[in-house]
Amino acid sequence: MNLEKAIKTLKIITVILIILAVAAISFLGIYKKVNGIWTNVIKDYTYGMELGGYRELRYVLSDDSLEQKVYVDQNGEIKGLLSDGSEAETIESTTTDLVEDGEGISLTSEGEENPAAEQTAEDTATEEVATEATETENTEAQTDASLNSPAPNTTEEGYTIENRVINANNEADIKIDNFNLAKKIIQTRLESQENYEYNIRVNNFTGEIIVEVPDGTNDDVNIIHSIVETVGKFQIVDAQTGIILMDQSNVRRFRCTYQTDSNTGSYQTYMLVYFDKEGKDILSNISKEYVEKTEADGSVTRKAVSIKFDDSTASTTCFGEQLTDGILSFPLGSATTDIDDFRETYKSIYTLTAVLNSGTLPLTYELSSDDYVQSNIVNKYSIAFAIAVVVAYVAITVYLIIKYKLRGLLASVNVLGYVAVNMLAIRYGNVTLTLNGIVSIILATLLYVSFLCMILNKVKTGMKVREAYSKGLSKYLIAIIPVIIGLLIFSYMHAVVISSIGLTLFISLMIQLLYSLVLIFALEII
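Rules behind the numbers
Residues numbered from 1 in each chain as written. Predicted model: local features only at pLDDT ≥ 70, side-chain atom pairs only at ≥ 80, totals over all residues. Heavy atoms only, no water. Helix = DSSP H or I, 4+ residues; strand = E, 2+ residues; numbered from the N terminus. Contact = heavy atoms within 4.5 Å. Expected span 1.5 Å × (residues − 1). Bend = angle between axes of the 7 residues up to and from the residue. Polar contact = N/O pair within 3.5 Å; in protein donor to acceptor, adjacent residues only side chain to side chain. Pairing = 2+ DSSP bridges. Axes fitted to C-alpha atoms, helices over the stretch in contact; angles between N-to-C directions. Buried < 20%, exposed > 50% of the residue type's maximum accessible area, 1.4 Å probe, protein only. Lys, Arg positive; Asp, Glu negative; His and termini not counted. Salt bridge = Lys/Arg side-chain N within 4 Å of Asp/Glu carboxyl O.

A look at the side chain of Thr445
At step 1: Residue placement: Thr445 occurs in helix 10 (residues 435-460).
At step 2: Those residues in contact with Thr445 that lie beyond four places of it in its chain are Val415, Tyr418 and Val419.

Structure representation (C-alpha cells):
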C-alpha cells in the first residue's frame, strides 16, 4: 500500500516537474554560447508595431524637373516623350537637312559640296543678277509651298514637337484635396499587402506623408517605398517615336499570374491587362499595326511598342497576332528555376499590380527620412504587466487549492504549463504578437481555467474523471465551435490587428483541447 502510494506521488511529482521544465524553457529560454555570447536558442516573438517598434518613413513632394522634347496636341496636352534618335527622322521627313558653313546656314544635304564655294567671282556676279531678276517670283513660290507643306516640327498625327520643362509636381496640383486623395490611394495600396500593419498621416499644409510600418527587412521597406513613390502611370507607346498610343484610362484592371515550363521547370511571371470596351478596340488596332513583316525583297521591317510604367520601359515588343479579346499579357522579369527568386519576382509584380489597380497618384513623392522609433510600451509597462500576471496567477492558484485541494494544485500547475506551451506555439507559429493578441491570450487562459473548474466540479461530486471530462468537453465545444469558425475567418484577414486576434485565440483554443488531457492523466493518478 505504501509502495503504491509512493508510486502515485512519484508520478504526480514527475508530471509537475515536466510542466515546470516546459514553463522554464518557454518563459526563460535555453541559452548557449555563440561567438562568446550567451544566446537564447528559443525563437523570439514576432512583435507588432506597438510592441516591437516601427519605422517612420517621411515622404515629401518631389521638386524634380527636367527639360525634354515632347509631343503636344492642339490643346497643349503632352502626348509622349520624343524617343532617342527619332527627332532627326521626324525632321528629315518634313524638311531638308540644315548644314552650317562659315557664311551662315545653307539648305543643302549633309555631305554634299556647296556649289557656291567653287564659283568664280564672275559666276557669282552673274548669279546675283539672275537672283535679283527672279527674287519676287521665288518668294511667291516659297510662300505658296509653305502653306501646303507641314511645319518642320509637326508629326503626321498633327502633334508639334516642343521643348518643355516637365515638373514632377505642377503648382496647380499642390492642394489639400490632392493631399487627401494621395493618402487614400496609398492606404488602399498598403491594405492590398499581406499582413499589413501601418499608420499614415498627412500634413495638410506641406503635403508631407508620414507612414509608420513594422521594423522589417530592407526588402519589406523597399516595398513601402514603391507603394508611396510610384505614381501608377501605365502607357503603351510607339517605340519608334515615343507617341502615347493608350494609357490607364482605358484599363479596367491589372492582374499578376505565372506559368511553369513543364520541360525546364522554370517559372515566368506575367502581367495581364484587361481593357474596357474602347481600349479593346484600340488594342485591336495597335496589335494589327505593330507587327514584324517580311517584305517582298526578303527584308524584315519591325514596328514595335513599348510598355511603360511611370515613363520607365518595362517591355518593348511587337505583336505576333491581333488581340481582339481586350486582354494584353506580357512577361515581367526573367524565367527562373529558383523558387526563391521566383517568389521575390512574383511579390514585386503583385505589388505593382496592386499599385496600378489603386489608381494614379495626383502627386509625386520622394523619401525624405527613414527613422526607427522604439516602442515605449515594453520599457514602461513590461515589469508592471509581469507583476500583474504573477499576482493573477497566485490568486487563481489560491482559489483552486482552497476549493479543490490537491486537484486544485494540479489544475494550477496545469494552467501554468498551458500558458507556457501556448506561448511556444505562438513563437514558432510566426504569429505577430500585438496588444490585441495579448488580450486574446489572457481571455483564452481565463476560458481554460473555467473549463478546468467545470471538470473539477463534476469530479468533486463523485463523477469519474473521464466521464467528467467527456461531459465538460461536450458543453465547452458547443460553446466555442462558432467562435473557432469566426477566428478562422479572422486569421486570414490581411490586417495584422485582426489576424493577430484570430490566430492567437485559435491556437490557444486548439492547445486547450489537447493540453487538458495532461490534467486528466494527473487526476486519474490520485
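Right, picking up where we left off after that structure.
Comments concerning helix 9 (residues 376-428)
At step 1: Taking 1.5 Å of rise per residue, the 53 residues of helix 9 would be expected to cover 78 Å, yet its terminal C-alpha atoms sit only 25 Å apart, more than 12% below that figure.
At step 2: The largest bend in helix 9 amounts to roughly 150° and is located at Tyr404.
At step 3: The N-terminus of helix 9 is capped by Ser375, whose side-chain oxygen sits 3.3 Å from the backbone nitrogen of Ile377.
At step 4: The positive-phi residue at the C-terminal boundary of helix 9 is Asn430, with phi of around 55°.

Some words on the sheet that holds strand 13 (residues 244-247)
At step 1: One open sheet accounts for four strands, arranged 13-12-18-19; its pairing is antiparallel. The strands lining the two open edges of the sheet, one partner per strand, are strand 13 and strand 19 (312-317). Averaged over all pairs of adjacent strands, the angle between their axes in this sheet comes to 25°, without regard to strand direction.
At step 2: Note: strand 12 (residues 234-238) against strand 13, three bridges, orientation antiparallel. Residue Ile236 lies in a different strand from strand 13, and its bridge partner there is Met246.

Observations regarding the sheet that holds strand 4 (residues 54-61)
Backbone-to-backbone hydrogen bonds pair the strands of a sheet. The strands run either parallel or antiparallel.
At step 1: With antiparallel pairing, the four strands of this open sheet are ordered in space as 10-11-4-21. At either margin of the open sheet sits one strand with a lone partner, and together these are strand 10 (199-202) and strand 21 (365-373). Adjacent strand axes in the sheet meet at a mean angle of 20° when their direction is disregarded.
At step 2: Two elements, strand 10 and strand 11 (residues 209-214), share four bridges in a ladder whose sense is antiparallel. If you follow Asn199 over to strand 11, its bridge partner there is Glu212.
At step 3: Packing of helix 5 (residues 176-190) onto the sheet brings it into contact with strand 4, strand 10, strand 11 and strand 21, and relative to strand 10 it is tilted by some 170°.

Some remarks on the side chain of Lys308
At step 1: Relative to the assigned elements, Lys308 resides in strand 18 (residues 305-309).
At step 2: No salt bridge is formed by the buried Lys308, whose closest oppositely charged neighbour, Asp311, lies at an N-O distance of 6.0 Å.
At step 3: With sequence-adjacent residues up to four places away left out, Lys308 is seen in contact with Lys233, Phe234, Gln235, Val237, Thr313 and Ala314.

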